[in-house]
Amino acid sequence: LLSEIMLLFSAGMLIIRDIEDKSINRLKLTKMTVFDYVTGVTLTQILVGIISVISTYALATLFGFRSVGSASSVIVICLVAFIGIIGVAFMVVSFCKNATIFVIAGQFPLFILIFFTGAMIPLPRNPLFTLLGNGICWNDFLPVGLSVISLNGVFNDGKTIFDLNFPLLFSLIISLIYFIAGLYLFN
């Protein structure tokens, strides 16, 4: 998950550099739409994220980590999380004028995502309410909140994406909300 969360800086720096060196102004003069730009940034960052997760997974396996579940389930869970992380990057960038401000401002969501999702330190699950028989906690509303539970299910219990239908679907909805909010602010 840490390699997923670090995508926040990779995506953000890509966008902020386009703003800083005025490439974004040149792109506005072309027939390129905001959709084209966002799609390009999103797809390249998803590719970077997949490479990062595969590298992390391979290195962990090399050092003795054994997963009960499949690597393909891990990739699907990570793809859902990437959407939310890129949305957060768009949100932060929309309030920044240069890379220095982005690096400083980006520390706040990075801290929240690392420590309050359970990615760094396991957190107790104290559900606020129940939705479709599943307890929903406050940190499940973060873009990678349920990714922790989903990845633990794959790694430790051998679950597939079909076994994780509720956490994965809820995580997708939350990630899309972050992504749409990020695009709205960025636009």
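Definitions and limits used
- Residues numbered from 1 in each chain as written.
- Predicted model: local features only at pLDDT ≥ 70, side-chain atom pairs only at ≥ 80, totals over all residues.
- Heavy atoms only, no water.
- Helix = DSSP H or I, 4+ residues; strand = E, 2+ residues; numbered from the N terminus.
- Contact = heavy atoms within 4.5 Å.
- Expected span 1.5 Å × (residues − 1).
- Buried < 20%, exposed > 50% of the residue type's maximum accessible area, 1.4 Å probe, protein only.
- Salt bridge = Lys/Arg side-chain N within 4 Å of Asp/Glu carboxyl O.

A. Quick peek at the side chain of Gln 45. Considering the arrangement of structural elements, one finds Gln 45 in helix α4 (residues 34-62). Excluding its chain neighbours within four sequence positions, the residues that come into contact with Gln 45 are Leu 7, Ser 10, Ala 11, Leu 14 and Ile 86.

B. Helix α5 (residues 71-93), seen in detail. End to end, α5 covers 32 Å across 23 residues, agreeing with the expected 33 Å (1.5 Å per residue, within 8%). For α5, the tally of buried residues reaches 18 of 23 residues, placing the bulk of the element in the interior.

C. Geometry of the environment of Pro 127. Relative to the assigned elements, Pro 127 resides in the loop between α6 (99-115) and β1 (129-131). In this structure, the C-alpha to C-alpha distance between Pro 127 and Gly 84, residues 43 residues apart in sequence, is 22 Å. In this view, Pro 127 contacts Gly 135, Ile 136 and Cys 137; residues no more than four positions away in its chain are not counted.

D. Up close: the environment of Ser 52. Looking at the element boundaries, Ser 52 is found in helix α4. Residue Ser 52 is classed as partly exposed on the basis of its relative accessible area of 22%. Linking Ser 52 and Leu 7, residues 45 residues apart in sequence, is a C-alpha distance of 8.9 Å.

E. The pattern of salt bridges, seen in detail. Counting across every chain of the model gives two salt bridges. A salt bridge links Arg 17 to Glu 20, with the shortest nitrogen-to-oxygen separation between them at 2.8 Å. Placement of both Arg 17 and Glu 20 in helix α2 (residues 7-20) is noted, with a separation of three residues, approximately one turn of the helix. Note on Arg 17: relative accessible area 42%, which makes it partly exposed.

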